[in-house]
Amino acid sequence: TDLNTLLNLEEIEEAATKVISKKAWAYYYSASDDKISKLQNTQAYRSIMLRPRIFVDCRACDLEMTILGHRVGLPLFVSPTAMARLGHSTGEAGIAQGCRPFNALQIIANNSSVSPEDVVAGATPGQIFGWQLYVQLNRKSSEDMLARVDRLDQIKFIVLTLDAPVSGKREDDERINIQASSTGSVSAQLFAGTDPSLTWADTLKWLSKHTKKPVVLKGIQTHEDALLATQYAPFVKAIVLSNHGGRSLDTAPPAVHTLLEIQAYCPDVFKRVEVWVDGGIRRGTDVIKALCLGARCVGIGRAALWGLAAGGAEGVERTLKSKSDLKVCDLALIIISQ
Ligand code: FNR
């Protein structure tokens, strides 16, 4: 595929769909039950209109910013997604390479198909990463992974995912595996070792003993839980409002609704922790809406995988570029900064 002919993320997804295996497509595309949350994630942004101000000097546009004090080139990061090699042989290392020109943050998944050591080894010294943890029933294996990750300086924090104590019912994924008479869907296999019993105090106490890095809680879906998370600051330094791309509990709210809830009921949360969001981002204007509503930065999950599948590292680069190119995005950033 000539990546330059692809004008938006929809077209990158189409191009990727043509070249990847059915199994990879089903795993990436799938969401739970009726995919209501997946659809709403995108619809929610589309239903919000911008209020552009005029007579603003738009010459100097700079998307550089900091995430937890670390300089990055974009307020856009790559969310953790397992099994990137299903879609492209370079896997998570290819995603890292695609992030490089933008100095964009990448969060490496617990179930990544390239080891965190190898992903980081291929990156430039300025690139930063997070590492996502699913606490395993076999605690020792999680403790060993945390020790490995602690030794990698470019991994700046641990992202503990909490919205998927068990796998969602992802029927596209199930269907492919029934057809192939295989032993179970990709997600069922990945979740088999995950501990479904986690609770606030016990888990965070355990985690604080096994990592020196700050912690980000991913999968917050209500203002009540956002507020609870702040009780664990400063060990918890950020929260990610996310419904797992609609892949966990269907009809869980889009992140932008949770943002609005926090604005309405407990806006102090924004002062205590950084609030990140992901799910359904398709356009620079979506990013802007999230930032205007209080998010520090915005993640993309599937879009990075589609980019990778369509064109390896260059496909990921194309995916991120299609966002940073948008003039309206730059414009709105100027407006926010004033
Ligand atoms: C994910 N996601 C995810 N999250 C996580 O914390 N650990 C994981 O291993 C995975 N794996 C994973 C695989 C695939 C194929 C997808 C699509 C997603 C969720 C991910 O981090 C993110 O929350 C969503 O993908 C965001 O929604 P969009 O951008 O895909 O709409």
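Residues numbered from 1 in each chain as written. Predicted model: local features only at pLDDT ≥ 70, side-chain atom pairs only at ≥ 80, totals over all residues.

Undergrad: Run through the overall build of the protein chain, naming residues and quoting values.
TA: What the protein chain contains, in helices and strands, is 15 helices and ten strands. Across its three principal directions, the C-alpha atoms of the protein chain cover 60 × 50 × 40 Å. Buried positions account for 50% of the 338 residues belonging to the protein chain. For the protein chain, the proportion of contacts with a sequence separation of at least 24, taken over those separated by at least 6, is 75%. (Helix = DSSP H or I, 4+ residues; strand = E, 2+ residues; numbered from the N terminus. Buried ≥ 20, exposed ≤ 12 C-beta atoms within 10 Å, placed from the backbone. Contact = placed C-beta atoms within 7 Å.)

Undergrad: Outline the site of the ligand, listing residues and values.
TA: Taken together, 26 residues sit near the ligand, with Ser79, Thr161, Gly245, Gly301 and Arg302 positioned nearest. Elements with a minimum of two residues in the shell around the ligand: helix H2 (22–29) and helix H14 (302–324). (Near = placed C-beta within 6 Å.)

Undergrad: Describe the nonpolar core, naming the residues involved and giving the relevant values.
TA: With 92 residues, the main nonpolar core has Leu76, Ala104, Val159, Val216, Leu217, Ile239 and Val277 as its most contacted residues. Considering every element that reaches this core, the biggest residue donor is H14, with ten residues. Setting aside residues up to four positions removed in sequence, Leu217 forms contacts with Leu160, Leu162, Ala229, Val236 and Ile239. (Core = buried A, V, L, I, M, F, W, Y, C linked by C-beta atoms within 7 Å.)

Undergrad: Describe the confidence of the model for the protein chain, naming the residues involved and giving the relevant values.
TA: For the protein chain, per-residue confidence averages 92 on the pLDDT scale, and residues scoring 70 or more make up 95% of the total. Confidence drops under pLDDT 50 across residues 323–331; counting only partners more than four residues distant or on other chains, this segment forms 18 contacts. Taken together, the chains of this predicted complex give a pTM of 0.95 and an interface ipTM of 0.99. (pLDDT = per-residue confidence, 0-100.)

Undergrad: Can you tell me about the environment of Thr258, naming the residues and giving the values?
TA: Looking at the secondary structure, you find Thr258 in helix H11 (residues 255–265). Classification of Thr258 as buried rests on a count of 23 C-beta atoms within 10 Å. Distance from Thr258 to Gly168, taken between C-alpha atoms, is 20 Å for residues 90 residues apart in sequence.

Undergrad: Tell me about the pairing of strand S6 (residues 155–161), residues and numbers included.
TA: Counting buried residues in S6 gives six out of seven residues, a clear majority hidden from the surface. Bridge analysis of strand S5 (residues 129–133) against S6 gives five bridges, and the strand direction is parallel. Along S6, the bridge assignment pairs Gln132 with Val159. Handedness of the crossover joining S5 and S6 through helix H6 (residues 139–150) is recorded here as right-handed. One ladder, built from four bridges, connects S6 with strand S7 (residues 215–220); its direction is parallel. Looking across to S7, one finds that Val159 is bridged to Val216. (Pairing = 2+ DSSP bridges. Right-handed = clockwise from strand over helix to strand, strands pointing away.)

Undergrad: Describe in detail the packing of H2 against helix H7 (residues 171–179), supporting the description with residues and values.
TA: H7 packs onto H2 with a crossing angle of 155° between their chain directions and a minimal axis gap of 7 Å. When the axis of H2 is compared with that of H7, the two are roughly antiparallel. Seen from above, H2 lies across H7 with left-handed handedness. Residues Lys22, Lys23, Ala26, Tyr27 and Tyr29 of H2 form the contact with H7, whose own contacting residues are Asp172, Asp173 and Ile176. (Axes fitted to C-alpha atoms, helices over the stretch in contact; angles between N-to-C directions. Parallel < 35°, antiparallel > 145°, perpendicular 65-115°, else oblique. Left-handed = near helix turned anticlockwise from the far one by under 90°.)

Undergrad: Requested: an account of unusual backbone geometry, with residues and values cited.
TA: Residues Ala233 and Pro234 are joined by a peptide bond in cis, for which omega reads 5°. Mapped onto the secondary structure, Pro234 falls in the loop between helix H10 (223–230) and strand S8 (236–241). Although it is not a glycine, Lys35 adopts a positive phi angle of roughly 60°. Relative to the assigned elements, Lys35 resides in the loop between H2 and helix H3 (36–46). C-beta crowding within 10 Å serves as the criterion here: with 18 such atoms nearby, Lys35 is assigned to the partly exposed category. Notably, Asn103 is not glycine yet its phi reads approximately 50°, a positive angle. In this fold, Asn103 is placed in the loop between helix H4 (91–99) and strand S4 (106–108).

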